[in-house]
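Letter by letter, the chains look like this.
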Amino acid sequence: MFCRGYPIRVSRHMSVAGRYLLLCLYLCLWVFALFNYSSRCRYSEPDVFIEDWPVDDSRLKSGRCYLRRDSLQLQPIDMHNAPELHHLETALAGPEVPAQMRLRPGGSWAPSNCTPLQHVAVMVAFRNRDFHLRLLLNRLHRMLRRQLIKYTVFVVEQTGPEPFNRGMLINVGVVEALKLASFDCFIFHDVDMIPEHDRNVYLCDENARHLASAIDEMRYHVMFYNYLGAVLAMSSKNFFRINGFSNVYWGWGNEDDDISARTMEAGMLVSRPPPALGRYKMVRHPKAVRIEGGYTHFMAWRARHYEDGLNALRKNSYTIVSRQAMPLYTNISVRLSLSRHQMKQEWLSKTDSVWWFLRFYYP
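Residues numbered from 1 in each chain as written. Predicted model: local features only at pLDDT ≥ 70, side-chain atom pairs only at ≥ 80, totals over all residues. Heavy atoms only, no water.

Caption draft 1: The pairing of strand β13 (residues 330–336), seen in detail. Across the seven residues that make up β13, a large majority, six, are buried. Here strand β4 (residues 150–159) runs beside β13; their pairing, made up of six bridges, is parallel. Bridge pairing in β13 places threonine 159 opposite arginine 335. One ladder, built from seven bridges, connects strand β12 (residues 318–325) with β13; its direction is antiparallel. Across the sheet, tyrosine 318 pairs through a bridge with leucine 336, a residue of β13. Counting the residues between successive antiparallel strands, the hairpin from β12 to β13 contains four residues. (Buried < 20%, exposed > 50% of the residue type's maximum accessible area, 1.4 Å probe, protein only. Helix = DSSP H or I, 4+ residues; strand = E, 2+ residues; numbered from the N terminus. Pairing = 2+ DSSP bridges.)

Caption draft 2: Looking closely at the side chain of histidine 189. Considering the arrangement of structural elements, one finds histidine 189 in strand β5 (residues 185–189). Side-chain polar atoms of histidine 189 contact the side chain of tyrosine 202, separated by 2.9 Å. Here histidine 189 is in contact with Val122, Met123, Val124, Ala125, Leu136, Leu140, Pro195, Tyr202, Ala230, Val231 and Tyr280, once residues within four sequence places are set aside. (Polar contact = N/O pair within 3.5 Å; in protein donor to acceptor, adjacent residues only side chain to side chain. Contact = heavy atoms within 4.5 Å.)

Caption draft 3: Representation of the sheet that holds strand β11 (residues 279–282) within the structure. The mixed open sheet is built from three strands, whose spatial order is β6-β11-β8. Of all the strands in the sheet, just β6 (193–195) and β8 (214–215) have a single pairing partner and so form its edges. By the bridge criterion, two bridges tie β8 to β11 in an arrangement that is parallel. Its bridge partner lying in β11, isoleucine 215 is registered against tyrosine 280.

Caption draft 4: A look at the environment of asparagine 207. Its place among the elements puts asparagine 207 in the loop between β6 and β7 (208–210). With relative accessibility at 12%, the residue asparagine 207 sits in the buried group. Considered as a pair, asparagine 207 and valine 270 are 63 residues apart in the sequence and their alpha carbons are 5.7 Å apart. When residues no more than four places from it in sequence are discounted, the contact partners of asparagine 207 are Ala233, Asn238, Met268, Leu269 and Ser271.

Caption draft 5: Seen up close, helix α4 (residues 166–177). Compared with an ideal rise of 1.5 Å per residue, which puts 12 residues at 16 Å, α4 spans 16 Å between its outermost C-alpha atoms and is within 8% of the ideal. Within the span of α4, buried status applies to Arg166, Gly167, Met168, Leu169, Ile170, Asn171, Val172, Gly173, Val174, Glu176 and Ala177. (Expected span 1.5 Å × (residues − 1).)

Caption draft 6: Looking closely at the environment of methionine 193. Position of methionine 193 among the secondary structure elements: in strand β6. For methionine 193, a relative accessible area of 2% puts it in the buried group. Separated by 19 residues in the primary sequence, methionine 193 and alanine 212 place their C-alpha atoms 8.6 Å from one another. In this structure, methionine 193 is in contact with Leu136, Ile215, Ala230, Val231, Tyr280, Lys281 and Met282, ignoring residues within four places of it in sequence.

Caption draft 7: Structural view of the state of the cysteines. Under the criterion given, the structure shown has two disulfides. Through a disulfide, cysteine 65 is tied to cysteine 114; the S-S separation comes to 2.0 Å. Looking along the S-S bond of the cysteine 65-cysteine 114 disulfide, the torsion reads about 90°, which is the right-handed sense. With cysteine 65 in the loop between β1 (41–43) and α2 (85–93) and cysteine 114 in the loop between β2 (108–109) and β3 (119–126), the pair connects residues that are 49 residues apart, well separated along the chain. Both residues of the pair, cysteine 65 and cysteine 114, belong to the buried class. A disulfide bridge connects cysteine 185 with cysteine 204, and the sulfur atoms are separated by 2.0 Å. Across the S-S bond of cysteine 185 and cysteine 204 the torsion is about 75°, and the bridge reads as right-handed. In this pair, cysteine 185 is assigned in strand β5 and cysteine 204 in the loop between β6 and β7, connecting sequence segments 19 residues apart. (Disulfide = S-S within 2.5 Å.)

Caption draft 8: A look at the packing of aromatic side chains. Counting across every chain of the model gives 20 aromatic pairs. On the basis of an interplanar angle of 45° and a centroid distance of 4.8 Å, the ring pair of phenylalanine 188 and phenylalanine 239 is categorised as tilted. Within this pair, whereas phenylalanine 188 is found in strand β5, its partner phenylalanine 239 is found in helix α5 (residues 236–241), the two being separated by 51 residues in sequence. As far as the burial class goes, phenylalanine 188 and phenylalanine 239 line up, both buried. An aromatic cluster is built from Phe224, Tyr227, Tyr295, Phe298, Trp301, Trp356, Phe357, Phe360 and Tyr361, whose rings are joined through pairwise contacts. Its end group placed over the ring of tyrosine 220, arginine 279 keeps NZ or CZ at 4.0 Å from the ring centre. (Phe/Tyr/Trp six-rings, centres within 6.5 Å; stacked < 30°, edge-to-face > 60°. Lys NZ or Arg CZ within 6 Å of the ring centre and 35° of its normal.)

Caption draft 9: Inspection of unusual backbone geometry at higher detail. Of note, asparagine 128 is a non-glycine position whose phi angle comes to about 55°, a positive value. Looking at where asparagine 128 falls in the secondary structure, it is placed in the loop between β3 and α3 (130–146). The class of asparagine 128 is exposed, set by a relative accessible area of 61%. One non-glycine residue, asparagine 243, lies in the positive phi region at around 70°. Position of asparagine 243 relative to the elements: it lies in the loop between α5 and α6 (255–265).

Below is the structure:
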């Protein structure tokens, strides 16, 4: 009996200890969350940017752009069929399109009957995603015209054999776009993110405006509290204030975490549209392999914040292969210099603590 009973007593003892252990872990996490809670994120409706059309037409202000709520709805998205580029060009920029709705060369448009609030540049970092791009252009142009946005779409295309570098492509795109026109607001847009709701207004506020508050791939939730990936809107002033994106993430992943940390350091809040409006569908494609050492790079973000970004771009950082005003977008083809933008050992020796790392992902 003793031999049969011994394992039973041990089992009961381990069960009680396990319960105490789980309780202690729960209390530790609860205390951690209590002392590190951050109210950094805000949800705000689009009318903080642009007013709805007044019920009483006599209250209309001369020249101002207004949103017609009834015309901005959740749209059905066909994720399996993308129109051919020449069909899109005919439908959006062809001679039969009414002049006030027709796109200008370079993928630009502006309302003709009111004064827009901001001049917006939509930046799409791109390489070998033609189907995704056609889906996005078909949806984006129709939505932005309904929102009465003055905008230009830039497709910043990486050429050459170097690993894809989204952050540096966006930095280059911003610098080159500002040589063509003055922009108040930049939208950094992944090519595989298709917006569903017309009322998710593509304008910037004084914060880091994370437009993708609900993605179907994530069951229409935000991946984590400080997440700023997929689609991000930021004023030109704020983007230069945080020194843009990092240039050292060669491959997929962590450049969006890096820019989120930079906005935290600058004291910027994160604003998001309500999940019912900030809905996106993700175009399915084989997942890229995450950058090797990406989290190690990220832990050293503070050491290189003011050295690695917009101010690190030099003449030998990149080469413009071509710049073309296409009917639906402005194409900037660029070759990036891998040797010029690498992680330095002195940065890696000054990484943040694990405590900060936990606070970032689990505030």
